[in-house]
Amino acid sequence: MVLRSVRARILASIIAVATLGLGLAGATAYLVQRERIVEGVEQRLLDRVETARAVVTGETDAVAGENTVPAAPDPSGYSSTREALRGVLERIVPGEHESAVGLLDGRAAFIPGVAVDFHLEDSPALVERVVRETSDGSVRIGTAVEPGLGLRYIAVPIEVAGDPQLGTYLVAFDLDGELADLDAAFGTYALVALGAVAAIGLVGWFVAGRALGPVRRLRETASRITVSDLSERIPVGARDEVGELTATVNGMLDRLESSISSQRQLLDDVRHELKTPITIVRGHLELLDPADVEDVRQTRELSIGELDRMADLVDRIELLAQVPHDVPRLERAEVAELTRQVHAMVRVIPGHEWSLAAESDVVTRLDPQRITQAWLQLADNAAKYSPEGAPIRIGSSRRDGAVELWVEDEGEGIPADAEARIFERFGRADAGRGVQGSGLGLPIVRAIAEAHGGRVSLQSSSAGSRFAIVLPIVGRDEQPTQPLEGLPVREGRP
């Protein structure tokens, strides 16, 4: 229903614009042409006046009007009004859609000697009106509406000196007849325009349907997608706005599928991680001997330890969920000073020899609290998985337009096939580093680095591992670049 409505609205808009355009163009052309025809009628009426004057006065230099019989050379003047009126009607021959009548003392006295389209003498109301208008001897031009006729007329008084009779030459054009060809032409134009609008509507209907095809497929695909199945995608057609919309929706579905898959994986991992301490606590409580004080004390200590581990696991999961959505609170930071501060924090961790190996003089903008948190996590991992008494080095350095905050140990290294897995939630290496960690430390480090537009790099071999937080160098008014895609890649050990 929605798609049909959109299609109908598009079609209605197309038809409305086409109809309005054709209508305005036709109406403008019709009115302009009609005005020209009316002006032509006006000019022909004035020409009749000049021709009648030439006939009555005998002026041979007057320009002859249309359908006018030329006057005889050296014409003699008329002795009476009747003769003059007769001469006018005899010499001026009415054309198409034209008629004339000679009035003598208000009565029709002469009519054209040729066939005319209409007879003015049969219109007493018009005759009476003309007689009244020209009673003061002035030429009158006007419009009269007769049954079936729309007349444009001119009335010219004719008088001969010494003759008391008053003559009037009345000539009129049928405007409806003059405009008949124009009306017929624009009647044809109207039919053609209607056909054009119908054709535009038909083509518009199919074009709109074709344009909305991807939207229809989008709706059908969206209706089939469920939480349990997000794998279906919409085929991308032409590279236009609709195609870009389709690609955008497909990208959204990719992100949605990835997010839901991550949530499912997180729930599975959390369930797996919490199952072990719950089972341990439950098993010891079931076997507890209330009468044995030592057994109660050991069970209590074990249960509190497992509960603390679960609480730490929940806190880390919460932190991991918050970090990607936090906006880093950037401030100006001297990397060398930050390096010394972190070294001062970690050197009190027992069991290892901590050394400050390098300091970078880079000044950049970062969130000191978050970066310190991530750097300490790398140091904690190195302390956990390095042999007792093994040296651990921390430092900072500038490399390829970025700054690296690194921790380097001399442990057994990480297997190549586990380097990507350790940056996933609850991911652990199967060898060398044990399994006592929660598996959330490195994912948190990665999330903090990516929130700053950076990444985490790893160089590992059997001689040890080097973890580094790689951050872009950001100026005062700049923002971090977009997070790098994918997991940190394995780099060769220098």
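Please refer to the structure higher up on the page.
Predicted, not measured: the structure shown is a model, and the values here were computed from it. (Residues numbered from 1 in each chain as written. Predicted model: local features only at pLDDT ≥ 70, side-chain atom pairs only at ≥ 80, totals over all residues. Heavy atoms only, no water.)

Chemist: Pulling in residues and values, what's your account of the overall build of the chain?
Modeler: Across its full length, the chain carries 11 helices and 13 strands. With 494 residues in all, the chain has 41% of them scored as buried. If you take every contact in the chain between residues at least 6 apart in sequence, the share linking residues at least 24 apart comes to 64%. When the accessible surface of the chain is split by element, carbon and sulfur atoms take 56% of a total near 27,500 Å². (Helix = DSSP H or I, 4+ residues; strand = E, 2+ residues; numbered from the N terminus. Buried < 20%, exposed > 50% of the residue type's maximum accessible area, 1.4 Å probe, protein only. Contact = heavy atoms within 4.5 Å. Areas by Shrake-Rupley, 256 points an atom, 1.4 Å probe, with all protein chains shown as cover.)

Chemist: Can you break down the pattern of salt bridges residue by residue, with the values?
Modeler: Tallying each qualifying case throughout the model produces 19 salt bridges. With a closest N to O distance of 3.2 Å, Arg 129 and Glu 133 form a salt bridge. Here the residue Arg 129 and the residue Glu 133 both occupy positions in helix α3 (residues 124-133), the gap between them amounting to four residues, near one helical turn. Residue classification places Glu 133 among the partly exposed residues on the basis of a relative accessible area of 21%. Note that Arg 393 is salt-bridged to Glu 408, the shortest N-O span being 3.0 Å. Of this pair, Arg 393 sits in strand β9 (residues 391-399) while Glu 408 sits in strand β10 (residues 402-408), placing them 15 residues apart in sequence. Judged by relative accessible area, Glu 408 falls into the buried class, the value being 15%. (Salt bridge = Lys/Arg side-chain N within 4 Å of Asp/Glu carboxyl O.)

Chemist: Can you tell me about a negative patch on the surface, naming the residues and giving the values?
Modeler: On the surface, a cluster of negative charge is contributed by Glu 96, Asp 117, Asp 176, Asp 181 and Asp 183. What makes Asp 183 partly exposed here is its relative accessible area of 36%. (Patch = residues over 30% accessible without salt bridge, like charges linked within 9 Å, V, L, I, M, F, W, Y side chains within 5 Å. Lys, Arg positive; Asp, Glu negative; His and termini not counted. Charge placed at Lys NZ, Arg CZ, Asp CG, Glu CD.)

Chemist: Go over α3, please, and point to the residues and values.
Modeler: Of the positions making up α3, those classed as buried are Leu 126, Val 127 and Val 130. When α3 is viewed along its axis, its buried side chains cluster within an angular range of 100° and face the same direction. Exposed and facing more than 90 degrees away from the buried side of α3 are Pro 124, Ala 125, Glu 128 and Arg 132. Buried residues along α3 sit in contact with β1 (98-104), β3 (140-146), β4 (149-158) and β5 (167-174). (Arc of directions from axis to C-beta.)

Chemist: A description of the packing of aromatic side chains should follow, citing residues and the corresponding values.
Modeler: Counted by the stated rule, this structure contains two aromatic pairs. Taking 5.2 Å as the distance between ring centres and 85° as the angle between the ring planes, the aromatic pair formed by Tyr 30 and Phe 186 counts as edge-to-face. Highlighted residues: Tyr 30 in helix α1 (residues 2-57) and Phe 186 in helix α5 (residues 180-211), separated in sequence by 156 residues. With a relative accessible area of 22%, Tyr 30 lands in the partly exposed category. Among the aromatic residues, ring-to-ring pairing joins Tyr 30, Phe 186 and Tyr 189 into one connected group. Above the plane of the ring of Trp 205 lies Arg 7, whose end atom (NZ or CZ) is 3.9 Å from the centre. (Phe/Tyr/Trp six-rings, centres within 6.5 Å; stacked < 30°, edge-to-face > 60°. Lys NZ or Arg CZ within 6 Å of the ring centre and 35° of its normal.)

Chemist: Hey, could you go over the packing of α5 against helix α6 (residues 213-224) for me, with residue numbers and the actual values?
Modeler: Across the interface, α5 lies against α6 with an axial gap of 4 Å and an inter-helix angle of 40°. Taken as axis vectors, α5 and α6 run oblique relative to one another. For the pair α5 and α6, contact is made by Gly 209, Arg 210 and Ala 211 and by Gly 213, Pro 214 and Arg 216, respectively. (Axes fitted to C-alpha atoms, helices over the stretch in contact; angles between N-to-C directions. Parallel < 35°, antiparallel > 145°, perpendicular 65-115°, else oblique.)

Chemist: Talk me through the sheet that holds β5; I want residue IDs and the actual numbers.
Modeler: Reading across the sheet, the five strands line up as β2-β1-β5-β4-β3 and stay open at both edges, with antiparallel pairing between neighbours. Two strands bound the open sheet, and with one partner strand each, they are β2 (107-110) and β3. In this sheet, adjacent strand axes meet at a mean angle of 35° when their direction is disregarded. As judged from the seven bridges shared by β3 and β4, these two strands associate in the antiparallel manner. Residue Arg 140 lies in a different strand from β4, and its bridge partner there is Ala 155. (Pairing = 2+ DSSP bridges.)

Chemist: Any details on the pairing of β2? Residues and values, ideally.
Modeler: Taken together, the three bridges between β1 and β2 define a ladder with antiparallel strand orientation. Across the sheet, the residue bridging to Gly 102 is Phe 110, located in β2. The antiparallel hairpin formed by β1 and β2 contains two residues in its connecting segment, where Asp 105 sits at a positive phi of about 50°.

Chemist: How would you summarise unusual backbone geometry if you had to cite specific residues and measurements?
Modeler: The phi dihedral of Asp 105 falls on the positive side, at around 50°, and the residue is not glycine. Tracing the chain through its elements places Asp 105 in the loop between β1 and β2. With a phi close to 55°, Asp 400 is a non-glycine residue in the positive phi region. Along the polypeptide, Asp 400 turns up in the loop between β9 and β10.

Chemist: Could you give an account of α6, naming the residues involved and the relevant values?
Modeler: Spanning 12 residues, α6 covers 17 Å between terminal C-alpha atoms, matching the ideal 16 Å at 1.5 Å per step. Among the residues making up α6, those that are buried are Gly 213, Pro 214, Leu 218 and Thr 221. Buried residues of α6, seen end-on, are gathered within an arc of 140° and therefore sit on one face of the element. (Expected span 1.5 Å × (residues − 1).)

Read these as layout, nothing more, since geometry by itself doesn't imply function.
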